[in-house]
Amino acid sequence: MLVIIPILLETFKSHGYIKGSDDEIENKSIERYSGLERSIFDKYVNSKESFLFGDIEQFLQPRSFPWAECNPPSSVNIYVQELALKLVMAQSELHNIEAELLRRIIGHLLEKVTHRVCGMIAGIEKISKNGSLQARLDLESCLLLFRGNMNGKCRRLVQETIDGLPSEDITPEDLAELAILLERFKTHNQILVSCLDYSPKTDKSFSPGGGGDSLKKRLSLKRKPKGKTVRSPGAVNS
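Things to note about the overall build of the protein chain
Along the backbone of the protein chain there are 10 helices and zero strands. Ordered by position in the sequence, the α and β elements of the protein chain form the string α-α-α-α-α-α-α-α-α-α. Considering the protein chain as a whole, with its 238 residues, one finds that 37% of them fall into the buried category. Once local pairs closer than 6 in sequence are excluded, the contacts in the protein chain between residues at least 24 apart make up 80%. In the form shown here, the protein chain has an accessible surface area of approximately 14000 Å², with 52% of it arising from carbon and sulfur atoms.

Following this line, the structure appears as structure tokens:
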């Protein structure tokens, strides 16, 4: 956007498409561009949500996993690794775009999936001590894998879901065993952890279609002095 908006401003002024002061033209350009960006962003995120969550939902259903009658956990449930692999696949499709936009897209995809996973686990009607331990292990592994892509709201939601699981009969020894299993999961999935291990920035421009004020401040630093021509991105230095 920092490249496109100045070019639009120069084009609009030179051809007389928009009448008004530089600030008026700039505000109108940012408004139109932000609206288009939000529309494209939302459509892409929605199209990928079913890809990420499609086959995972079945693993959370009581008929697929016996939450009320399962054995003590011995490993993280397969749906967590499946979700991580699909997130890496979605990320690989976007490897040519700028890092900020990549973090925005992956962050919003993960936010949608986190709400659905946490909602389904919180909605399990019958869950035993072992089922509670398994759900806790699964959610802790999600925090481990996706923390770098999760915003504070997502992390709080996962933690609240963990805290809401039955814990009356869980002992310190049970929690120690979960810590061992979690460390083993991390070791065995180090490549996935590495692929998903980066922290998003907290700039306001991360919200789709938002951050207009922040953008204007950055544009003001990029604006060319009067009398100089804005060069197109494809121009080659002589």
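Further notes follow.
Topic: the pattern of salt bridges
Inspection of the entire model under this criterion finds one salt bridge. Between Lys129 and Asp174 there is a salt bridge, with its nearest N and O atoms 3.0 Å apart. Placement of the pair is Lys129 in helix α6 (residues 129–146) and Asp174 in helix α8 (residues 172–188), with a sequence separation of 45 residues. Asp174 sits in the buried class, given a relative accessible area of 18%.

Structural notes on the packing of aromatic side chains
Counted according to the given criterion, the structure contains one aromatic pair. Its end group placed over the ring of Phe41, Arg104 keeps NZ or CZ at 4.8 Å from the ring centre.

Points about the environment of Ser167
In this fold, Ser167 is placed in the loop between α7 (152–163) and α8. Expressed as a C-alpha distance, the spacing of Ser167 and Leu133, which sit 34 residues apart in the sequence, is 8.5 Å.

Quick look at the nonpolar core
Of all hydrophobic cores here, the largest spans 48 residues; its most connected members are Val117, Ile121, Leu139, Leu145 and Phe146. Listing elements by their share of this core, those giving two or more residues are α2 (22–53), α4 (78–93), α5 (99–122), α6, α7, α8 and α9 (190–195). Among the elements that line this core, the one with the most residues is α5, at nine residues. When sequence neighbours within four positions are dropped, the list of residues in contact with Leu145 reads Val80, Ala84, Phe185, Leu192, Val193 and Leu196. Grouped together as the second largest cluster of nonpolar side chains are five residues, Ile5, Phe12, Ile25 and Ile30 included.

A short note on the confidence of the model for the protein chain
Here the protein chain shows a mean pLDDT of 76. Residues at 70 or above account for 76%. Contacts from residues 199–238, a stretch scored under 50 in pLDDT, to residues over four places away or in other chains number 56 contacts.

Quick look at the packing of α4 against α5
Where α4 contacts α5, the two axes come as close as 11 Å, and the packing angle between them is 160°. Classified by the angle their axes make, α4 and α5 are roughly antiparallel. The chirality of how α4 crosses α5 is right-handed. Of the residues in α5, those in contact with Tyr79, Leu83, Leu87, Ala90 and Gln91 of α4 are Leu102, Ile106, Leu109, Leu110, Val113, Val117 and Ile121. Residues of the contact of α4 with α5, tallied by class, amount to 11 nonpolar, one polar and no charged.

The rules behind these values
- Numbering of residues begins from 1 in every chain and follows the order in which that chain's sequence is written.
- Totals for whole chains, interfaces and linings use every residue, but because this is a predicted model, local features are given only for residues with pLDDT of at least 70 and side-chain atom pairs only at 80 or more, for both listing and counting.
- As a rule here, side-chain values come from all non-hydrogen atoms in the structure, and water together with hydrogens is ignored.
- Here a helix means four or more residues in a row that DSSP labels H or I, a strand means two or more in a row labelled E, and each is numbered from the N terminus.
- Under the scheme applied here, a residue whose accessible area is under 20% of the maximum for its type counts as buried, over 50% as exposed, and between as partly exposed, the area being computed with a 1.4 Å probe on protein chains only.
- Residue contacts are defined here by distance: any two heavy atoms, one from each residue, within 4.5 Å place the two residues in contact.
- The method behind every accessible area is Shrake-Rupley, applied with a 1.4 Å probe, and residues are considered shielded solely by the protein chains displayed.
- Put simply, a salt bridge is a Lys or Arg side-chain nitrogen that is within 4 Å of an Asp or Glu carboxyl oxygen.
- Working definition: a ring pair exists when centres of Phe, Tyr or Trp rings (six-membered ring for Trp) sit within 6.5 Å. Plane angles under 30 degrees give stacked, over 60 give edge-to-face, the rest tilted.
- Charge-over-ring placement is defined geometrically: NZ (Lys) or CZ (Arg) within 6 Å of the ring centre, and within 35 degrees of the ring normal.
- Side-chain atoms within 4.5 Å link the members of a nonpolar core, which is a set of buried Ala, Val, Leu, Ile, Met, Phe, Trp, Tyr and Cys residues.
- Think of pLDDT as the predictor's per-residue confidence, scored from 0 to 100.
- Where helices are involved, their axes are fitted lines through C-alpha atoms of the stretch in contact, as for all axes, and angles between N-to-C directions lie from 0 to 180°.
- When describing relative orientation, an angle under 35 degrees is termed roughly parallel and one over 145 degrees roughly antiparallel, while 65 to 115 degrees is termed roughly perpendicular and anything else oblique.
- Two helices crossing with the near one rotated counterclockwise from the far one by less than a right angle form a left-handed crossing, whereas a clockwise rotation gives a right-handed crossing.
- The classification used treats Ala, Val, Leu, Ile, Met, Phe, Trp, Tyr, Cys and Pro as nonpolar, Asp, Glu, Lys and Arg as charged, and all other residues, Gly among them, as polar.

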